[in-house]
Amino acid sequence: MDPTRRATVERLSVPPRERLPGGRRLELDRVLVALAEDGIIAPADAARARLAAREMRGGADIHPLVLLANLKLPNLKVPGVELGLEALTEWLARQVKLDYLRIDPMKIDVPAVTAVISHAYAQRHRILPVAASLERVTFATSEPTDLRWQSDLSHLLRREIDVVVANPLELARYTMEFFGVTRSVRGAKDTRDETPGSMPSFEQLVELGRAGEVGADDRHIVHIVDWLLQYAYEQRASDIHLEPRRDISNVRFRIDGVLHKVFELPTPVMTAAVSRIKVLGRMDLGERRRPQDGRIKTRSPGGREVEMRLSTMPTAFGEKCVMRIFDPDTAVKSIAQLGFSESEGATWNDLVTRPHGIVLVTGPTGSGKTTTLYSTLKRLATSDVNVCTVEDPIEMIAPELNQMQVHHQIDLDFAAGVRTLLRQDPDIIMIGEIRDLDTAQMAVQASLTGHLVLSTLHTNDAPSAITRLLDLGVPHYLIQSTLNGVLAQRLVRTLCPHCKAQDAQVDIDAWQGLVARYGIAAPERTFGPKGCLECRHTGFLGRVGLYELLPITPKLRALIEPNLDLPNFARTAQHEGLQPLRVAGAAKVAEGITTVTEVLTVLPPEEN
């Protein structure tokens, strides 16, 4: 042993052979000895940690690893990096020869694991069930040297016990959250309102004699809804789905475009949770037969203001509610963050900074059109520019914009909204969507009178936007004189930067002739998903845009006729510089950002 390290051990008066003895909880002195022996901390830092523990009020009740992590000691094994709690927990797991687990709440069946032991027992022994079956239960613990509870529980539960080591802060947090929400669900089930609702679900018609409804203002329901919202923020969810079923209802989150089931609630509790959300969104609580829209503005756990758009729909088992989350940090991005290449970004900037004309963004629902438009409008909305929007509904409140919402009940549709905006001295007008001829005509009128108009269409690719306008009834000569460009886009999941693995070869066949058709060289290497703690073992973390940008050049304008030959128009557009979505996808694969499979799942079918 190094003499300096031996001196540290002797000064702490702990025999080195008893590094982390079993049968008792972790002690700071013994942890410091083991870390010093392993060359992870310096002797001076060990002495400083011991002094800090003595001076800290209530230091004896703080987990030794948490205390050390708070001191931010340098990690001698990794120069320039502080010794964090995750690194300390992984080190502890290696010392006791147990697996390390970073708790992922998305993978845990909360009702099942919280039924294994009581909250008090879990807190007393600093343990938390993380998986349970008929044969065995897996417990996470932050005190792996004190497993005296293991034999007692194995005998009591009559199941095998597996033990893993978890971060002490995460363990304490999820113990409180899981048992807290379970207690709220149980309390809400026991709270019955004697007055039945105004419109029961189909299934409830035969269950009315059994129980009433849970109150939306019940404290248990308030806790459940607050927990769900916080949970969604932390998991980077873009949508929350509350789906009622006959007995047990589902809660699902959409993360990176994929739906994940995260929780189950008894249907009466789900009904009350939806009612609570309707109250928060100032929706009509008594109306359950018609779809409704609402909005909630709240704060994320980090303190940022977050908007949620609400939508309810009557189903066979009650009202289904979907909440779309608009986080300003993810909803408004720079051109580079959106995924534009340098050339695409320059062309897009040229289109949206022209004094007049129409610029369209196309793509299916969930392809990122709203994010692209809001990010663009926020950059354009300077102090000397008047930017006005008409939306259905307003997706996200932006103080830089003058936003108006469509109200069909009072005949305020998109066309009437644009007509109003033209009298508001606008420089830039954003129309939520061009759905009909009236709206298209007003967009054309606005561009002809010297305004820049941005809007969306639902088409598969950029050239198809021309035929869509023609199908709506817009004269071809007006499209020729007003349309500046079209942007078609898709969103693809990006590979997790922490764990992506290099593939041995590229599946050329998967590109369906892309290399031969567009003359693109296959990348020498590609990367595939592997899975780690950061990406919940999915291999993907976040999404990025694929773009097909079509500026309308003079040659293309000449081709816009009443009976447009779309294949010929598309071929000419490619000769004029249009890069199809498949080419954009190939570029992202070559850069190691995504995979061939991910790109092919979002692309429109290729026409022969």
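As recorded in an unreviewed UniProt entry, the chain goes by General secretion pathway protein E and comes from Chiayiivirga flava. Check the Sequence similarities (unreviewed entry) section of the UniProt entry for the chain; it says "Belongs to the GSP E family."

### Regarding helix 4 (residues 64–71)
Of all eight residues in helix 4, six are buried; the element is thus mostly enclosed. Where helix 4 terminates, the next one or two residues include K72, which has phi positive at roughly 55 degrees.

### Overview of the pairing of strand 19 (residues 540–551)
Taking burial as the measure, the twelve residues of strand 19 include nine buried ones, the bulk of the element. Relative to strand 19, strand 16 (residues 483–495) is paired through ten bridges, and the arrangement is antiparallel. For Q489, the partnering residue across the bridge sits in strand 19 and is Y547.

### Topic: the sheet that holds strand 6 (residues 248–255)
Pairing within the open sheet is antiparallel, and its six strands lie in the order 7-6-5-10-9-8. Because the sheet does not close on itself, it has two edges, and the strands there are strand 7 (258–266) and strand 8 (292–299). Each strand axis lies, on average, 20 degrees off the axis of its neighbour in the sheet, ignoring direction. Pairing geometry for strand 5 (residues 239–243) and strand 10 (residues 318–326), over four bridges, is antiparallel. Counterpart to I240 in the pairing with strand 10 is M323. Contacts between helix 11 (residues 267–280) and the sheet are confined to strand 5, strand 6, strand 7, strand 8, strand 9 (305–315) and strand 10, with strand 7 contributing the most and set at about 110 degrees to the helix.

### Section: the nonpolar core
If you look at the biggest cluster of nonpolar residues, it comprises 61 residues, and the most contacted ones within it are F139, L242, V251 and F253. Residues from two domains meet in this core; each of domain 2 (105–183) and domain 3 (212–329) gives at least three. If we skip the residues at most four places from it in the chain, F253 touches M106, L228, Y231, A232, Q235, A237, D239, I240, V258, L259, H260 and V262. Membership of the second largest hydrophobic core comes to 41 residues, among which are L412, I429, L469 and F569.

### Focus: the side chain of T439
Mapped onto the elements of the fold, T439 is located in helix 17 (residues 437–448). Judged by relative accessible area, which is 2%, T439 ranks as buried.

### Focus on the environment of V164
Inspection of the secondary structure puts V164 in strand 4 (residues 160–165). Here the alpha-carbon distance between V164 and R102, two residues 62 residues apart in the chain, equals 9.6 Å. Residue contacts for V164: discarding those within four places in its chain leaves D99, L101, T138, F139, A140 and T141.

### Description of the packing of aromatic side chains
Evaluated as defined, the whole model comprises seven aromatic pairs. A centroid spacing of 5.4 Å and a plane angle of 25 degrees characterise the contact between Y174 and F178, whose relative ring orientation is stacked. Taken together, the residues Y174 and F178, both in helix 9 (residues 168–190) and four residues apart, mark about one turn of the helix. Each residue in the set W227, Y231, F253 and F263 is aromatic and connected to the rest through ring pairs, giving one cluster. Cation over ring: R493 sits above F540, and NZ or CZ is 4.1 Å from the ring centre. We note K500 situated over the ring of F527; from NZ or CZ to the ring centre the distance is 5.0 Å.

### Things to note about the pattern of salt bridges
Throughout the structure, instances matching the rule amount to 23 salt bridges. Close ionic contact of E319 with K278 constitutes a salt bridge, the shortest N to O distance being 2.9 Å. Of this pair, E319 sits in strand 10 while K278 sits in helix 11; the two residues are 41 residues apart in sequence, bridging distant segments of the chain. As far as burial versus exposure is concerned, E319 and K278 are alike and both buried. Between E598 and R493 there is a salt bridge; the shortest N-O distance is 2.9 Å. In this pair, E598 is assigned in helix 24 (residues 596–602) and R493 in strand 16, connecting sequence segments 105 residues apart. The burial state of E598 is the same as that of R493; both residues are buried. Bridged by salt links that share partners, the residues R24, E27 and R30 form one connected network.

What counts, and at which threshold
Residues numbered from 1 in each chain as written. Predicted model: local features only at pLDDT ≥ 70, side-chain atom pairs only at ≥ 80, totals over all residues. Heavy atoms only, no water. UniProt positions renumbered as here; feature names shortened; annotations may be inferred. Buried < 20%, exposed > 50% of the residue type's maximum accessible area, 1.4 Å probe, protein only. Helix = DSSP H or I, 4+ residues; strand = E, 2+ residues; numbered from the N terminus. Pairing = 2+ DSSP bridges. Axes fitted to C-alpha atoms, helices over the stretch in contact; angles between N-to-C directions. Contact = heavy atoms within 4.5 Å. Core = buried A, V, L, I, M, F, W, Y, C linked by side-chain atoms within 4.5 Å. Domains from an automatic or database assignment. Phe/Tyr/Trp six-rings, centres within 6.5 Å; stacked < 30°, edge-to-face > 60°. Lys NZ or Arg CZ within 6 Å of the ring centre and 35° of its normal. Salt bridge = Lys/Arg side-chain N within 4 Å of Asp/Glu carboxyl O.

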